[in-house]
Amino acid sequence: MPFRLPPLLCPVCREGLSPVPASAPGTRSKALACRNGHSFDAAKQGYFNLLVGKGTAFEADTAEMVAARTAFLDAGHYRPLAAAVAAAAEPALLAPEPAVLDSGTGTGHYLRAILDLPGHKDGMAAVGLDISKFALRRAARLNAEAVNLVGDVWQPIPLADSAVDVVTVVFAPRNASEFARVLRPSGRLVVVTPRPGHLAEIASQAGMLGIEPAKDERLAGSLSGHFELLSMQDLDLDLELSPADVANLALMGPAGHHTDRAALAKRLADFPAVTAVSARFRISVFLPRDGAAE
């Protein structure tokens, strides 16, 4: 494999998981296997499906949702957010051979910003984890130097204890105990959440979900047994969005599971050519509590 792997664990038996030697020198391994004979072949797009057992209660993002997210993020609207996430992660990535887990990696855009940090391109081990194979098809192309895994964050993460320096979670579920287990004691957890007023100018017309009250308090409470808050940074972006951008925003998030594209197009038919929209984010950085990763 042309990337450095962090210590992976087999999702079946929790033994070490390693690349199977490639058939030809200099080519990429197409399988991961453990010493007990459990093997996982790479999909043709380059990701590995490590989802085992009865499956997951989560509804994975569909191909249409992923296409909308790719179009919106490729347009650069959230590029300053990706840069801010990378900056928040960087202090924990200064040691030799750093490693990062992007949990809920989606299309991989935020992990890409971390991989592009100066001085890290050749030495960083990176894992992109997501429940959607459609998202990972995109992520594996964007982040070919990372190992991209289909997995459920509510099942044991297929990483060894103290395997990574940073866990990033951008608009995705948070399994505090597993994040604490895979993080090194000196590592950090970087979480991005929307703030009240996020996309308020278009949310109701586009059928997007509102921001839950007391979201920050619930975030801190859900992590408090394993993490302590280091810092919070608010980031506001003034966006100018076309009707197509607004449609992509509506389809790319959780509401996309239930949004009818034809009905959405009808609602957006009277939108102006450009709509001013405020995106409001909070980037929270947490440190593992003493012994949390042990």
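Report follows, based on the coordinates. (Residues numbered from 1 in each chain as written. Predicted model: local features only at pLDDT ≥ 70, side-chain atom pairs only at ≥ 80, totals over all residues. Heavy atoms only, no water.)

## Concerning the overall build of the chain
Thought 1: The secondary structure content of the chain amounts to nine helices and 12 strands.
Thought 2: Of all intrachain contacts in the chain linking residues separated by at least 6 positions in sequence, the fraction that spans at least 24 positions is 71%.
Thought 3: Counting every atom, the chain has about 13300 Å² of accessible surface; 53% of that belongs to carbon and sulfur. (Helix = DSSP H or I, 4+ residues; strand = E, 2+ residues; numbered from the N terminus. Contact = heavy atoms within 4.5 Å. Areas by Shrake-Rupley, 256 points an atom, 1.4 Å probe, with all protein chains shown as cover.)

## What to know about the packing of helix α1 (residues 63–74) against helix α4 (residues 133–142)
Thought 1: Look at α1 against α4: their axes get within 8 Å of each other, and the N-to-C directions meet at 35 degrees. The segment α1 lies against α4, with Ala63, Val66, Ala67 and Thr70 engaging Phe134, Ala135 and Arg138.
Thought 2: In terms of residue class, the contact of α1 with α4 is made up of five nonpolar, one polar and one charged. (Axes fitted to C-alpha atoms, helices over the stretch in contact; angles between N-to-C directions. Nonpolar A, V, L, I, M, F, W, Y, C, P; charged D, E, K, R; others polar.)

## Section: the pattern of salt bridges
Pairing between side chains of opposite charge can happen when the charged atoms of each approach one another.
Thought 1: For the structure on display, the rule yields 11 salt bridges.
Thought 2: When the shortest N-O distance is used, the salt bridge between Arg35 and Glu15 registers 3.2 Å. Here Arg35, found in the loop between β3 (31–33) and β4 (39–41), pairs with Glu15, found in the loop between β1 (8–9) and β2 (16–19); they are 20 residues apart in sequence, far enough to count as distant.
Thought 3: On the basis of relative accessibility, which here comes to 71%, the residue Arg35 falls in the exposed class.
Thought 4: As a salt-bridge pair, Glu178 and Arg181 come within 2.8 Å of each other at their nearest N and O atoms. You can see Glu178 and its partner Arg181 sitting in helix α5 (residues 176–182), three residues apart, about one turn around the helix.
Thought 5: Assessed through its relative accessible area of 12%, Glu178 is described here as buried.
Thought 6: Using a relative accessible area of 14% as the deciding quantity, one classes Arg181 as buried.
Thought 7: The network of salt bridges with shared partners includes Arg195, Asp234, Asp236 and Arg282. (Salt bridge = Lys/Arg side-chain N within 4 Å of Asp/Glu carboxyl O. Buried < 20%, exposed > 50% of the residue type's maximum accessible area, 1.4 Å probe, protein only.)

## Regarding the sheet that holds β3
Thought 1: Judged by pairing direction, the sheet is antiparallel, and its four strands sit side by side in the order β1-β2-β3-β4 without closing on themselves. The open sheet is flanked by β1 and β4, the only strands paired with a single partner.
Thought 2: Bridge analysis of β2 against β3 gives two bridges, and the strand direction is antiparallel. By the bridge assignment for β3, Ser18 is matched with Ala33. (Pairing = 2+ DSSP bridges.)

## Here's the deal with the nonpolar core
Buried together is how nonpolar side chains tend to be arranged in soluble globular proteins.
Thought 1: Among the nonpolar cores identified, the biggest contains 49 residues, and Tyr78, Leu81, Ile114, Ile202 and Leu249 are the most heavily contacted of them.
Thought 2: At seven residues, the largest contribution of residues to this core is made by helix α2 (residues 79–89).
Thought 3: Setting aside residues up to four positions removed in sequence, Leu81 forms contacts with Tyr110, Phe171, Val192, Leu235, Leu237, Phe281 and Ile283.
Thought 4: Membership of the second largest hydrophobic core comes to 34 residues, among which are Leu101, Ala125, Ala180 and Leu219. (Core = buried A, V, L, I, M, F, W, Y, C linked by side-chain atoms within 4.5 Å.)

## Some words on the packing of aromatic side chains
For any pair of aromatic rings, geometry is given as the distance between the ring centres together with the angle between the planes.
Thought 1: In the structure shown here, the tally under the stated rule is three aromatic pairs.
Thought 2: Between Tyr78 and Phe281, the aromatic rings sit 5.0 Å apart at their centres with planes inclined by 85 degrees, giving edge-to-face as the arrangement. Remark: Phe281 occurs in strand β12 (residues 275–288) and Tyr78 occurs in the loop between α1 and α2; sequence separation between them is 203 residues.
Thought 3: For Tyr78, a relative accessible area of 4% gives the class buried. (Phe/Tyr/Trp six-rings, centres within 6.5 Å; stacked < 30°, edge-to-face > 60°.)

## A word on the environment of Pro11
Thought 1: Examined against the element boundaries, Pro11 turns out to sit in the loop between β1 and β2.
Thought 2: Residue Pro11 is classed as buried on the basis of its relative accessible area, which comes to 18%.
Thought 3: Counting along the chain gives 148 residues from Pro11 to Leu159, while the straight-line C-alpha distance between them is 9.1 Å.
Thought 4: Ignoring anything within four residues of it in the chain, the contact list for Pro11 reads Leu17, Phe40, Leu50 and Val52.

## Structural notes on the sheet that holds strand β6 (residues 99–103)
Thought 1: The sheet built from eight strands is open, its strands ordered β5-β8-β7-β6-β9-β10-β12-β11 with mixed pairing. Single-partner strands in this sheet number two, and they are β5 (48–49) and β11 (227–241).

## Some thoughts on α2
Thought 1: Within the sequence span of α2, burial applies to Leu81, Ala82, Ala84, Val85, Ala86, Ala88 and Ala89.
Thought 2: In this structure, the buried side of α2 is in contact with α3 (109–115), β9 (164–170), β10 (183–194), β11 and β12.

## A short note on unusual backbone geometry
Thought 1: The phi dihedral of Phe171 is positive, around 55 degrees, even though this residue is not glycine.
Thought 2: With respect to the helices and strands, the residue Phe171 is situated in the loop between β9 and α5.
Thought 3: Owing to a relative accessible area of 39%, Phe171 belongs among the partly exposed residues under this scheme.
Thought 4: Of note, Leu199 is a non-glycine position whose phi angle comes to about 60 degrees, a positive value.
Thought 5: For Leu199, a relative accessible area of 5% gives the class buried.

Interpretation in functional terms is not warranted from these geometric data alone.
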